[in-house]
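Report on the structure
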Amino acid sequence: MIAIIDYDAGNIKSVEKAFQFLGEETVLSRDRDEILTADKVVLPGVGSFGDAMQKLKNYGLVNTIYDVVDRQIPFLGICLGLQLLFQNSDETPGVSGLGILSGEIKRIPDKEGFKIPHIGWNSLELMNHGKLFEGIDNHSYVYFVHSYYLKAKEEQIVKGKTNYVTEIHASVEKDNLFACQFHPEKSGDVGLKILENFAKIRDGR
């Protein structure tokens, strides 16, 4: 069973539908015991960094997420769910993220001819043998909706990059943690394959 953390984020239902399309049993939950007994856990997210952290705190989910990580349950962060895994974000100065991974969440710089937020399809440069990308061609296209991006501190955890004004670390993996800045649930067959690869992972391996 895949537990999708319900903290009033924007794209929870579309993530649930994508996994159900793949034949996976899912549950939307903010219940600690239910989440910790799941085979996989997903943290989706559309919205602002500060509001999302406050909701995670209000629902008592911060320690639950730490426990998921400690127990090596495969965990997938999507879009804002990726950003929340890091220490902080330019979007909400002074608000601490989960701090599980090291890196900076920065605003995409302004540049003539480029719209922010970045909304649309970009190709991924794949590297470092990401488990999420097994069976996926390099330079495949995925769908982004974001104004802020990750610059990870540990280069080896980066499994996919793209460029939009600047270099964006679009996907990271470390131990049982997996995260995508893009939306696999909105990325057609490539996105479904990414979610299928995640669903097949066992115990962080």
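Coordinates for the structure precede this section.
What comes next is a walk through the structure.

Scoring rules and cut-offs
Residues numbered from 1 in each chain as written. Predicted model: local features only at pLDDT ≥ 70, side-chain atom pairs only at ≥ 80, totals over all residues. Heavy atoms only, no water. Pairing = 2+ DSSP bridges. Helix = DSSP H or I, 4+ residues; strand = E, 2+ residues; numbered from the N terminus. 1 Å grid on protein atoms, 1.4 Å probe; cavity = no way out; pocket = protein on both sides within 12 Å on 5 of 7 lines; lining within 4 Å. Points joined across faces, edges and corners; volume = space filled by probe spheres on them. Nonpolar A, V, L, I, M, F, W, Y, C, P; charged D, E, K, R; others polar. Buried < 20%, exposed > 50% of the residue type's maximum accessible area, 1.4 Å probe, protein only. Arc of directions from axis to C-beta. Contact = heavy atoms within 4.5 Å.

Some remarks on the sheet that holds strand β12 (residues 177-180)
Pairing in this open sheet of eight strands is mixed, and the strands run β2-β1-β3-β4-β12-β11-β10-β7 from one edge to the other. Edge strands, defined here as strands with exactly one partner in the open sheet, are β2 (26-29) and β7 (125-126). Two strands pair when backbone bridges link them, and strand β3 (residues 40-43) and strand β4 (residues 75-78) are joined in this way by three bridges, in the parallel orientation. Along β4, the bridge assignment pairs V42 with L76.

So, empty space enclosed by the protein
Any space left empty among the atoms is revealed by the rolling of a water-sized probe across them. The tally for this structure, following the rule as stated, stands at one cavity of 30 Å³ or more. Reported here for the largest cavity is a volume of approximately 40 Å³. Looking at the largest cavity, the residues that line it are L124, L126, F133, I136, D137, H139, S140, V142, V190 and I194. When grouped by side-chain class, the residues that make up the lining of the largest cavity number seven nonpolar, two polar and one charged.

Notes on the layout of surface pockets
Its boundaries defined by the atoms lining it, the largest pocket holds a volume of some 160 Å³. Taken together, 13 residues form the lining of the largest pocket, with G47, C79, V145, H146 and S147 sitting closest to its centre. Every element with two or more residues in the lining of the largest pocket is listed here: α5 (80-83) and β8 (141-146). Its residues assigned to classes, the lining of the largest pocket shows six nonpolar, six polar and one charged.

Looking at helix α1 (residues 12-21)
Taken together, the buried positions of α1 are I12, V15, E16, A18 and F19. Along the axis of α1, the buried positions cluster into a sector of 160°, meaning they face one direction only. Residues of α1 that are exposed and point more than 90 degrees away from the buried face comprise K13, K17 and F21. Residues of α1 that are buried in the fold lie against β1 (2-5), β2, β3, β4 and α6 (188-200).

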